[in-house]
Amino acid sequence: MKVGIFALQGDVSEHKKMLHNAGKELGMAIKVVELRDFENFNCDALIIPGGESTAMRRLTHDKDSNKFLNFLKKISGEGIPIMGTCAGLILLAKNVDGKFYDGLLDIEVKRNDYGRQRESFEEDIDLNLNGTTKFHAIFIRAPVIEKVNKGEILADFEGKVVAVKDENVIGLTFHPELTNNTKIYKYFLNLI
Ligand code: GLN
């Protein structure tokens, strides 16, 4: 299986390591491709890492803002699993800070909403991946998902949704690549 990671910014090598570990545990041979653009995409799954969503949006929407969204719509329509973490989730959202972006996930997101005191924090959350499991979630200047208009809630924390899934698209407000827990990656790879 070939998994593409958008390598514009963010925790690319950490995601890569987790994908290899998850693949090993599943007995699945995983090849990871670092993507600098989205032309000629030929992977079985896509990860959009965290980083800074404004910078990432500038890079992905550079010439034509619809190009990136159309690319995501096309591959998700083909059933390719897509996972966005933190800023990656922001790029997948339809609504961000009250603005309409027409992303794949019909959710309403507020950026940097945990406040200065809690710019970064870690919490054990209950994550629902075919049954509930504890997961140590690391939040870094995380967004909050204020409303899920369509999709399944995989986890919430303090009354806010922190993980969501709509068919083959997953969005997380936290950083699974910074843990040693491969559960989310195995779940993601099994969607292929
Ligand atoms: N605060 C960042 C943003 O709004 C996201 C942070 C992250 O990806 N860790 O883009």
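Here the structure is a predicted model, which is why all the values come from computation and not from measurement.

Student: How would you explain the site of the ligand if you had to name every residue and give the values?
Tutor: In the vicinity of the ligand, the residues found are Gly50, Gly51, Glu52, Ser53, Cys86, Ala87, Ile90, Arg111, Asn112, Ile140, Arg141 and His175. In the environment of the ligand, an oxygen atom lies 2.9 Å from a nitrogen or oxygen atom belonging to the backbone of Gly51. Between the ligand and His175, the relevant distance is 2.9 Å, taken from a nitrogen atom to a side-chain nitrogen or oxygen of the residue. With the chains in place, 98% of the 300 Å² that the ligand exposes on its own is no longer accessible. Grouping the constituent residues of the shell around the ligand by class yields four nonpolar, five polar and three charged.

Student: Describe the packing of aromatic side chains, with residues and values.
Tutor: Scanning the model with the defined rule gives 13 aromatic pairs in all. On the basis of an interplanar angle of 85° and a centroid distance of 6.3 Å, the ring pair of Phe6 and Phe38 is categorised as edge-to-face. Taken together, the positions of Phe6 in strand E1 (residues 2-6) and Phe38 in the loop between strand E2 (31-35) and strand E3 (45-48) put the pair 32 residues apart, joining distant regions of the chain. Here the two residues Phe6 and Phe38 agree in accessibility, since each one is buried. Where Phe139 meets Phe174, the ring centres are 5.7 Å apart and the plane angle is 65°; that geometry is what we call edge-to-face. Of the two residues, Phe139 sits in strand E9 (residues 132-140) while Phe174 sits in the loop between strand E13 (169-172) and helix H5 (183-189), which places them 35 residues apart along the sequence. For the residue pair Phe139 and Phe174, the accessibility class agrees, reading buried in each case. It is Arg57 that lies over the ring of Tyr101; its NZ or CZ is 3.7 Å from the centre. Across the ring face of Phe121, the terminal group of Arg118 is positioned such that the distance to the ring centre comes to 4.1 Å.

Thresholds, definitions, all that
Residues numbered from 1 in each chain as written. Predicted model: local features only at pLDDT ≥ 70, side-chain atom pairs only at ≥ 80, totals over all residues. Heavy atoms only, no water. Near = heavy atom within 4 Å. Polar contact = N/O pair within 3.5 Å; in protein donor to acceptor, adjacent residues only side chain to side chain. Areas by Shrake-Rupley, 256 points an atom, 1.4 Å probe, with all protein chains shown as cover. Nonpolar A, V, L, I, M, F, W, Y, C, P; charged D, E, K, R; others polar. Phe/Tyr/Trp six-rings, centres within 6.5 Å; stacked < 30°, edge-to-face > 60°. Helix = DSSP H or I, 4+ residues; strand = E, 2+ residues; numbered from the N terminus. Buried < 20%, exposed > 50% of the residue type's maximum accessible area, 1.4 Å probe, protein only. Lys NZ or Arg CZ within 6 Å of the ring centre and 35° of its normal.

That's the geometry; what it means functionally is another story.
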